[in-house]
Amino acid sequence: MAAVAVALGPGFGEDQEQLEQLIHVEWRVAWLRLAFVVGLAGIIFGLVDLAHPKYRPDLVVVTIVAACSHAAVQVLWLFRGHRHAYLRAYIGVSFDFITVTMAMYATGGYQSELYLLLYPLLVSVAMRFGLRAVMVSAFLCAGMYLGAAWLHGDPLERSKDVVVLRILVMLVTAALAGGFHRELARRLGVLIQTRKMRDDFLMVASHELKTPLVAIRGISQVLDRVMREGSTERALLQRVDASIDRMQRLIRDLTDAARVDAGTLTLERDTVDLVALARTAVDEARLGNPRREIKFRSNEEILRVDADAQRLSQVFANLLTNAIKFTTPDKGPIVLELRREGAVALATVRDKGLGIPSDSLPVIFEKHGRSTKTPAMGFAGLGLGLYITRAIVLAHGGGISVESREGEGSAFTVRLPLLPEPRVAAVPIDATATE
Amino acid sequence: MGPKKGVLVIDDDLPTLETLELMLQVSGYQVWTSGYARDAMRLAQQHRPDVILLDLMMPEADGFKVQEQLRTHPETAGIPIVLISAHHTVRTAAKSMRIAGVLEKPFHLDELVKCVEQATNGASEAT
């Protein structure tokens, strides 16, 4: 007579990695609490629904796998033979279909607030057509659509059995929801622990690797200070310093890549002038490569972005270093060019060097994803530079792209969202608005 | 130029500690050092340094904890503190804690001197 079905969404039962991707660390505890509260609200909603004097329950039910199973339910209703019930159910189910579909899409990110707004709204509209719908929302857990249970009332029938069954179903779904809740809490506990261990290891590893460099660098510089200008020893010391620089960059790249993997690359944002920052990057590249011609061009005086200056410098340093590394000195200058395009700043590093073979282009931003020709040519490096560069740019809400032809050179373009212009205030309101 | 400025350095890594002492002495500072976080308060009260360099990661107590202790005593509360760390992300935390500066490992001699000078100048402007 009455059927009960519980739909499980695609989220549950996925492996840890996927869970990890889906769950935003800071929000997970909050979402668990929220999901629990919403689940309770769903049950109370159902109880109130039952107590309603005009309520005439007959239970049919719903969903097998997420929203698509609604189609099957519609067919089920069709074969029950109640014309009015069919019509009403059809409308009600359609509303539910919209609700759940939107919930699924909405919670693909972490925006279940949307779902929370939509659910009462759409269900109340559905109820206007004489249908009662209950959805136990605890299946929506930690920002993921896990699944849902629906109960639909047929206004043409009244049956005690159905009332009992309905309560039973609610209890079962509540228990199920509790099970999900516990399982998720357990998995999240494991995740939190794993992530913490990894973060701790990163902190310690980077600290331990950098610490010996303090003494090497410090002593070499103290020696440099006391040695005669132009002496051989001093020239040798400069080589020590250059090697420390290289070591430091390698350690930084290793720890940065691990941070990118762990999703813990954090930015120290501030208002930064991209023009000044890029100019400094070019100056530093010139200093490190005195025999190379490196040009700086900008149509703009100032390009203000909300960014981590140190990280952005790293982006330009990486791109310039690559350009220098893959261009022989006779192939003309390397150019860093800045321009504005609407609300976006564009920075292009262009060289006329070796270029990247077309089959390597798709992988160069991946970890160790160098050009197929690189290893054979014996270029040093870990192959992490562009991987980190891309991650930094993405973290800033920007993008990076490359145009290259083998033998003709490459052009890497970084796009970053600009901060709104600080307008000269004509009216005081403007001044506060741009603050 | 007046009397030598005094710097107290607390770092549990002995080579780092000795190097910092050397670097600061070469740059014309008077230096006191200790490898133990627990000595920070005693040495600060005893010598009244112009600036304290604190390593962030130490086995007994981290740099933040030591700076909290130093802040609670009126004698040492006003001494500017520079944190030495291997991570540039410490800067955010430092911003909210009246830290005069952050030195990221490994640093150049010029950076060290600049940081110490900025810390001491900042303190004299504030008082």
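See above for the structure.
If you're wondering where the values come from, they're calculated on a predicted model, not measured in any experiment.

Student: So what's going on with the sheet that holds strand β4 (residues 81-85) of chain B? Which residues, and what values?
Tutor: All names here are of chain B. With parallel pairing, the five strands of this open sheet are ordered in space as β2-β1-β3-β4-β5. Strands at the two margins of the open sheet, each flanked by one partner only, are β2 (30-34) and β5 (101-104). The sheet shows a mean angle of 20° between the axes of neighbouring strands, taken without regard to direction. Inspection of the sheet shows strand β3 (residues 51-55) paired to β4 by four bridges, in the parallel sense. Looking at β4, one finds that Ile-52 is bridged to Ile-81.

Student: Now, about the interface of chain A and chain B: what can you tell me, with residues and values included?
Tutor: Contacts between the two partners involve 25 residues from chain A and, on the opposite side, 23 residues from chain B. Across the chain A/chain B interface, buried area totals approximately 2300 Å², and carbon plus sulfur atoms make up 61% of it. The interface formed by chain A and chain B contains two salt bridges. Notably, a salt bridge pairs Arg225(A) with Asp110(B), separated by 3.4 Å at the nearest N-O pair.

Student: Could you give me a rundown of the environment of Ser34(B), with the residues and numbers involved?
Tutor: Residue and element names in this part refer to chain B. Along the chain, Ser-34 turns up in strand β2. Between the C-alpha atoms of Ser-34 and Asp-11, which are 23 residues apart in sequence, the distance is 6.6 Å. In this structure, Ser-34 is in contact with Val-9, Ile-10, Asp-11, Leu-17, Asp-39 and Leu-43, ignoring residues within four places of it in sequence. In terms of polar contacts, Ser-34 uses its side chain to reach the side chain of Asp-39, at 2.7 Å.

Student: How would you sum up the packing of helix α9 (residues 309-325) of chain A against helix α11 (residues 385-395) of chain A? Please name residues and give values.
Tutor: Residue and element names in this part refer to chain A. The geometry of α9 relative to α11 is characterised by a closest axis approach of 9 Å and an angle of 145° between their N-to-C directions. Crossing of α9 against α11: the hand is left-handed. Packed against α9, whose contacting residues are Arg-311, Gln-314, Val-315, Asn-318, Leu-319 and Asn-322, the element α11 presents Gly-385, Leu-386, Ile-388, Thr-389, Ile-392 and Val-393 at the interface. Of the residues belonging to the contact of α9 with α11, the class tally is six nonpolar, five polar and one charged.

Student: Provide a residue-level description of the packing of aromatic side chains, including the pertinent values.
Tutor: A full pass over the atoms with the stated rule returns one aromatic pair over all chains. Between Phe365(A) and Phe412(A) the ring centres are 6.1 Å apart and the planes differ by 85°, which places this aromatic pair in the edge-to-face class. With Phe365(A) in the loop between β11 (344-350) and α10 (374-377) and Phe412(A) in strand β13 (residues 409-417), this pair connects stretches of sequence that are 47 residues apart. When its relative accessible area of 12% is taken as the criterion, Phe365(A) is described as buried. Above the plane of the ring of Tyr36(B) lies Arg38(B), whose end atom (NZ or CZ) is 4.5 Å from the centre.

Student: Give me the lowdown on the pattern of salt bridges, citing residues and values where you can.
Tutor: Residues and elements named next belong to chain A. What the rule picks out here adds up to 19 salt bridges over all chains. With its nearest N and O atoms 3.7 Å apart, the salt bridge here joins Arg-217 to Asp-241. Within this pair, whereas Arg-217 is found in helix α6 (residues 160-226), its partner Asp-241 is found in helix α7 (residues 232-262), the two being separated by 24 residues in sequence. Judged by its relative accessible area of 0%, Arg-217 is buried. Given a relative accessible area of 16%, Asp-241 falls into the buried group. In this structure, the salt-bridge partner of Asp-256 is Arg-311, at a minimum N-O distance of 2.8 Å. Of this pair, Asp-256 sits in helix α7 while Arg-311 sits in helix α9, placing them 55 residues apart in sequence. No difference in accessibility class separates Asp-256 from Arg-311, as the two residues are buried. Here the salt bridges share partners, and the residues they tie into one network are Arg-217, Asp-241 and Asp-245.

Student: Lay out the packing of α7(A) against α11(A) with the relevant residues and their values.
Tutor: All names here are of chain A. Where α7 contacts α11, the axes come no closer than 10 Å and their chain directions differ by 50°. As judged from the angle between their axes, α7 and α11 are oblique. Every pair of crossing elements has a handedness; the one defined by α7 and α11 is left-handed. Residue-level inspection shows Asp-253, Asp-256, Ala-257, Val-260 and Asp-261 of α7 in contact with α11, the latter providing Tyr-387, Ile-388 and Ala-391. Its residues assigned to classes, the contact of α7 with α11 comprises five nonpolar, no polar and three charged.

Student: I'd like to hear about the sheet that holds strand β10 (residues 334-341) of chain A, residue by residue, with values.
Tutor: The strands making up a sheet associate through backbone hydrogen bonding, with each pair oriented either parallel or antiparallel. Residues and elements named next belong to chain A. Read across the sheet, five strands follow the order β8-β10-β11-β13-β12 without closing on themselves; strand pairing throughout is mixed. Strands at the two margins of the open sheet, each flanked by one partner only, are β8 (294-298) and β12 (399-405). Between one strand axis and the next, the sheet turns through 15° on average, direction left out of account. Examined bridge by bridge, β10 and β11 share seven bridges and lie antiparallel to one another. By the bridge assignment, Leu-338 is partnered in β11 with Ala-347. Contacting β8, β10, β11 and β13, helix α8 (residues 274-288) runs over the sheet at an angle of about 170° to β8. Along the sheet, α9 contacts β8, β10, β11, β12 and β13; its crossing angle with β10, the most-contacted strand, is approximately 135°.

Calculation rules
- Residues numbered from 1 in each chain as written.
- Chains lettered and ligands numbered in written order.
- Predicted model: local features only at pLDDT ≥ 70, side-chain atom pairs only at ≥ 80, totals over all residues.
- Heavy atoms only, no water.
- Pairing = 2+ DSSP bridges.
- Helix = DSSP H or I, 4+ residues; strand = E, 2+ residues; numbered from the N terminus.
- Axes fitted to C-alpha atoms, helices over the stretch in contact; angles between N-to-C directions.
- Contact = heavy atoms within 4.5 Å.
- Buried area = accessible area lost by both parts, 1.4 Å probe.
- Salt bridge = Lys/Arg side-chain N within 4 Å of Asp/Glu carboxyl O.
- Polar contact = N/O pair within 3.5 Å; in protein donor to acceptor, adjacent residues only side chain to side chain.
- Left-handed = near helix turned anticlockwise from the far one by under 90°.
- Nonpolar A, V, L, I, M, F, W, Y, C, P; charged D, E, K, R; others polar.
- Phe/Tyr/Trp six-rings, centres within 6.5 Å; stacked < 30°, edge-to-face > 60°.
- Buried < 20%, exposed > 50% of the residue type's maximum accessible area, 1.4 Å probe, protein only.
- Lys NZ or Arg CZ within 6 Å of the ring centre and 35° of its normal.
- Parallel < 35°, antiparallel > 145°, perpendicular 65-115°, else oblique.

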